[in-house]
Structure formats: structure tokens, C-alpha cells
Amino acid sequence: MALKDDESVRRAPATEVVHLGRDPFSHHGFVNLPPYRGSTVLYPTLESIEAKTQPFTYGRRGTPTVRALETALTRLAGGADTKLAASGYQAVTTALLAFAEAGDHVLIADTVYHPTRQFCDYLLKRIGVETEYYDPTIGSRIAALIRANTRLVYVESPGSQTFEMQDIPAIAEVTRARNVWLLADNTWASPLYCRPLDLGADVVIEAGTKYLVGHADALLGSITSNARAARHVERAAGTLGVCPGSEETYLALRGLHTLDVRLARHQETGLRLAEWLKARPEVERVMHPALPDDPGYAIWKRDFTGATGLFSIVLKPVPKPGLAAFLDGLKLFGMGYSWGGFESLVIPFDCKSYRTATHWQCDGQALRFHAGLEDINDLIADLNAGFARMKAASA
Ligand SMILES: *Cc1c(COP(=O)(O)O)cnc(C)c1O
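Residues numbered from 1 in each chain as written. Predicted model: local features only at pLDDT ≥ 70, side-chain atom pairs only at ≥ 80, totals over all residues. Heavy atoms only, no water.

Caption draft 1: Local environment of the site of the ligand. Taken together, Ser87, Gly88, Tyr89, Tyr113, Glu156, Asp185, Thr187, Ala207, Thr209, Lys210, Leu219 and Trp339 make up the full set of residues adjacent to the ligand. In this structure, Gly88 approaches the ligand through a main-chain N or O atom, which is 2.8 Å from an oxygen atom. In this structure, an oxygen atom belonging to the ligand sits 2.8 Å away from a main-chain N or O atom of Tyr89. In isolation the ligand offers 380 Å² of accessible surface; the protein chains occlude 91% of this area. Split into classes, the residues belonging to the shell around the ligand amount to five nonpolar, four polar and three charged. (Near = heavy atom within 4 Å. Polar contact = N/O pair within 3.5 Å; in protein donor to acceptor, adjacent residues only side chain to side chain. Areas by Shrake-Rupley, 256 points an atom, 1.4 Å probe, with all protein chains shown as cover. Nonpolar A, V, L, I, M, F, W, Y, C, P; charged D, E, K, R; others polar.)

Okay, here's the thing in C-alpha cells:
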């Protein structure tokens, strides 16, 4: 990929995503790289086996398709190396296992993706790692929580479900000074709208399942590291046998080429929906860090170059039949987990029961929205009809 990967030319992300991860003239001119499938990789001679210099040795250890996506993501994130995983969650667990060992203490944002929390509470605990959850808005005050055995700090900004922004540069200043690793789950922003490695993180985790794949038809994760962290991640991923599926890798690579244009639309529709919902009498509050009166706005503005289509609201208290009438009758918003596909989604949530370092306070029902690629006016009409049903069913 000599031409496309020319490091000396700095191009805009919109251009990068179109050209990264492709090398047509190594593939008879075909525009897309094919999905290499395979376990066995043949060696031509005894000498080539013994030399251990062949770039591909076994399917689990990488294919040209996997390597192409890894290289593209490394470039987009500004890192030294990337390892792909079979899901975003596998990327999370692999990254944590790359650093945490028995006797360690780890600091995890209280607003972290819920399965990440379960991994810490169940598996890290079993191998003798102590997890402490912290308020995501802590910033440089994280210094007071660092102990002699603190191995890593884990951030996720904005936080899952409630969208609290984290001051990654302030936390990074502390982790650098104290020789502690800083891991960041950057799934909400994607590599296009935030580059945590530039903000001081050592490792960035992405659930490619969301916007990279973008069509709700595959699972994929990635871990991109700086030069300091890369060998730890590579060793853990190799030892754990972490590898993505070939079809999934192909779909993610294909998604990469349209990521910029899709995100621009998710962003615009998400903001317009958030503003519209904010003005509704049924809505108590909206959590979207790109709204100027959001508590996280200043950090978002400083550290991010865009917002994606995921945000939450809290409704004013409404009887259950009213809520059900609103949700069940929606025609364009599907109810389901995950997000990042082309379709709009809504899902109720309640994080009161499991957060421990912060107190999530709300009286009404909380809902998380994903703004899809539909026309904004149709989406608003769908929600408008939903509020009318809610009113009728609550009377
Ligand atoms: C979805 C998600 C993950 C997990 O990704 P999967 O591919 O579903 O395993 C991890 N972190 C965040 C923030 C997510 O939203």
C-alpha cells in the first residue's frame, strides 16, 4: 500500500477512510480487498519455515484483510499498532488482561459500559485484581485515588447511557506522572471524532460493531496502542487467541470507506432530535454532550471534533401504560441493544441499581436514542405521534 499509506502526506479523515486499507493493484485492480479466509498458510521451503520471516503464518495470527484494517485503524487513531478482536467487548477484556495482574488495583469510571463492569467484578476479582470505581467527572483529582499498586485507569467518554464527559488530558497527566496505564473506550466518538492517544491515553478500545460496521450485521472490536503499550496488547491478544472473523473484518473494512459521511448524518440528526426533544413538555432533561448547556459541553468542544448519533433523555414521570403506548407504537425507532447501524433505535434503561461511585438521580423513565440515517422530519413525526399516544394512554 505504498501510495495510500504515504505517511508524509497529511489528508483529511474523509479522504483517509476512502483510501486506507485498500491496495487495488495487488488484487488485479479490484477496488476492495477480498476477505481472506483460512487457517493453514503454506511455506514454500524448509528454509522459509526456519527463517520465521513470512508475514503470515497461521489464520489466527492474522490475514492480509485483518492486517489492512489494523493498519488503517492505527493510522486513524494515531497509534503504533492495532489488534482486532471478535467483538468490542472482547477488545475490552483483552486490553484489561494485557495489563492487570494479581495484586493490582485498577480504577474504572463508574459510567463504564455495563459488561466491562461485570468483567471487573467477576473475572478480574477472581484473578486477584481489585477494582475501584470513580466518578467520571473526577479529572485531575484522580491523583488522590492512585495507590502504589494501581496498574491502570480506564476511561469511557462520554459515559455509557448517561453521557458524562471525562477530562482525559487531566487524567493522563496524572497517569503519566505516576507510571500508570491509561485505557480509553472511545466507541461513542469513533476514531474520526476523538483521538484519545493524542489526549494522553496509552490504549484506545473501539467497538467496531457500532459505527465502523455501521449496518448492524457484524461484531468486531479493536485495540490500538501507543509504542509503549503495543507489545503488552500484542502478547495478551496472541496468548488469548483473540481473532476476528474474516467476513466481519471484510464488512468493517467496507464500512470504513463510508464512515465519514455516515457519521456526519448521524451527528446532524442526533443533534436535531436532541434539540427537539429538549423543547418537549414531556421531557425532563436531555443528555447530549454537544448541546451547549450540557455539563460536558466544554470538554466535548475542546477534545472532540464531532458528535455521533447516540444520546439519552429522561422523561417526566408518566404511568406505565403511557410509556408503553409511546414506545410500542413507534414505527421508525426499533427497540433493541447495540447501535451505530443505519436505523434509529430507542431503549429504556435504569442505571440506579449498579453504579456505586456516583448517584444517578431521576424520577421519570430514562431512554437512550440512536439517530439513524432516516429523514429527520419522518423521525420527528414518529416521536410526535408517540407523545400523542402517551398522552391518550395516560389520561
Ligand atoms: C457496544 C459497546 C461495547 C461492546 O461491543 P460489542 O461489539 O457489542 O461487544 C464496548 N464498549 C462500548 C462503549 C459499547 O457501546
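Caption draft 2: The arrangement of the packing of aromatic side chains in detail. This structure, assessed with the given rule, holds nine aromatic pairs. Plain terms: the ring middles of Tyr211 and Trp339 are 5.5 Å apart, the flat faces sit at 65° to each other, and that makes the pair edge-to-face. Separated by 128 residues along the polypeptide, Tyr211 in the loop between β6 (203-207) and β7 (221-225) and Trp339 in the loop between α12 (320-328) and β10 (345-349) bring together distant segments of the chain. Overall, the relative accessible area of 10% leaves Trp339 in the buried class. A centroid spacing of 5.7 Å and a plane angle of 85° characterise the contact between Phe333 and Phe369, whose relative ring orientation is edge-to-face. Separated by 36 residues along the polypeptide, Phe333 in the loop between α12 and β10 and Phe369 in strand β11 (residues 366-370) bring together distant segments of the chain. (Phe/Tyr/Trp six-rings, centres within 6.5 Å; stacked < 30°, edge-to-face > 60°. Helix = DSSP H or I, 4+ residues; strand = E, 2+ residues; numbered from the N terminus. Buried < 20%, exposed > 50% of the residue type's maximum accessible area, 1.4 Å probe, protein only.)

Caption draft 3: Structural detail: the sheet that holds β11. Read across the sheet, four strands follow the order β8-β9-β11-β10 without closing on themselves; strand pairing throughout is antiparallel. Pairing within the sheet leaves two strands with one partner each, and these edge strands are β8 (283-287) and β10. Pairwise comparison of adjacent strand axes, ignoring direction, gives a mean angle of 25° for this sheet. Two elements, β8 and strand β9 (residues 310-315), share four bridges in a ladder whose sense is antiparallel. Within β9, the position partnered with Val283 by the bridge is Leu315. Its contacts with the sheet place helix α10 (residues 259-278) against β8, β9 and β11, and it is angled at close to 10° to β9. (Pairing = 2+ DSSP bridges. Axes fitted to C-alpha atoms, helices over the stretch in contact; angles between N-to-C directions. Contact = heavy atoms within 4.5 Å.)

Caption draft 4: Representation of the pairing of β10 within the structure. By the criterion of burial, β10 is predominantly enclosed, with four of the five residues buried. When β10 meets β11, the two strands line up antiparallel, connected through five bridges. Counterpart to Phe349 in the pairing with β11 is Ala366.

Caption draft 5: Layout of the packing of α10 against helix α13 (residues 376-394). Where α10 contacts α13, the axes come no closer than 11 Å and their chain directions differ by 30°. For the element pair α10 / α13, the angle class is roughly parallel. The handedness of the crossing between α10 and α13 is right-handed. Of α13, the residues touching α10 (which contributes Thr269, Arg272, Leu273, Trp276 and Leu277) are Ile376, Asn377, Leu379, Ile380, Leu383, Asn384 and Phe387. Class assignment of the residues belonging to the contact of α10 with α13 gives a composition of eight nonpolar, three polar and one charged. (Parallel < 35°, antiparallel > 145°, perpendicular 65-115°, else oblique. Left-handed = near helix turned anticlockwise from the far one by under 90°.)

Caption draft 6: Quick look at the nonpolar core. Of all hydrophobic cores here, the largest spans 88 residues; its most connected members are Val153 and Leu277. By residue number, the principal contributor to this core is α10, which donates seven residues. Two domains share this core, each providing at least three of its residues, namely domain 1 (13-256) and domain 2 (260-394). Core analysis: the next-biggest nonpolar cluster, separate from the first, contains 28 residues, Val129, Leu183, Val203 and Ala237 among them. (Core = buried A, V, L, I, M, F, W, Y, C linked by side-chain atoms within 4.5 Å. Domains from an automatic or database assignment.)

Caption draft 7: Structural detail: the side chain of Asn186. Note on placement: Asn186 falls in the loop between β5 (181-185) and α7 (190-193). At 2.9 Å, the side chain of Asn186 forms a polar contact with the side chain of Glu206. Dropping the residues within four chain positions of it, Asn186 is found in contact with Pro191, Cys194, Pro196, Val204, Ile205 and Glu206.

Caption draft 8: Looking closely at the domain arrangement of the chain. For the chain, the assigned domains are domain 1 (13-256) and domain 2 (260-394). Spacing between the C-alpha centres of domain 1 and domain 2 amounts to 28 Å. Of the residues lining the interface, 38 residues belong to domain 1; the matching set on domain 2 comes to 38 residues. For the pair domain 1 and domain 2, the summed buried surface comes to about 3,300 Å²; carbon and sulfur atoms form 60% of the total. Together, Trp188, Tyr193 and Tyr211 form the three largest contributors to the area buried by domain 1 at its contact with domain 2, with a combined 28%. Where domain 1 touches domain 2, the interface holds one salt bridge. Arg302 is paired through a salt bridge with Asp167; the nearest N and O atoms lie 2.8 Å apart. Along the contact surface separating domain 1 from domain 2 lie 21 residue pairs in polar contact (both at pLDDT 80 or more). Where the side of domain 1 that touches domain 2 is concerned, the elements lending two or more residues are α1 (13-19), α5 (114-126), β3 (130-134) and α7. If you tally residues by element for the side of domain 1 that touches domain 2, the top one is α7, at three residues. (Buried area = accessible area lost by both parts, 1.4 Å probe. Salt bridge = Lys/Arg side-chain N within 4 Å of Asp/Glu carboxyl O.)

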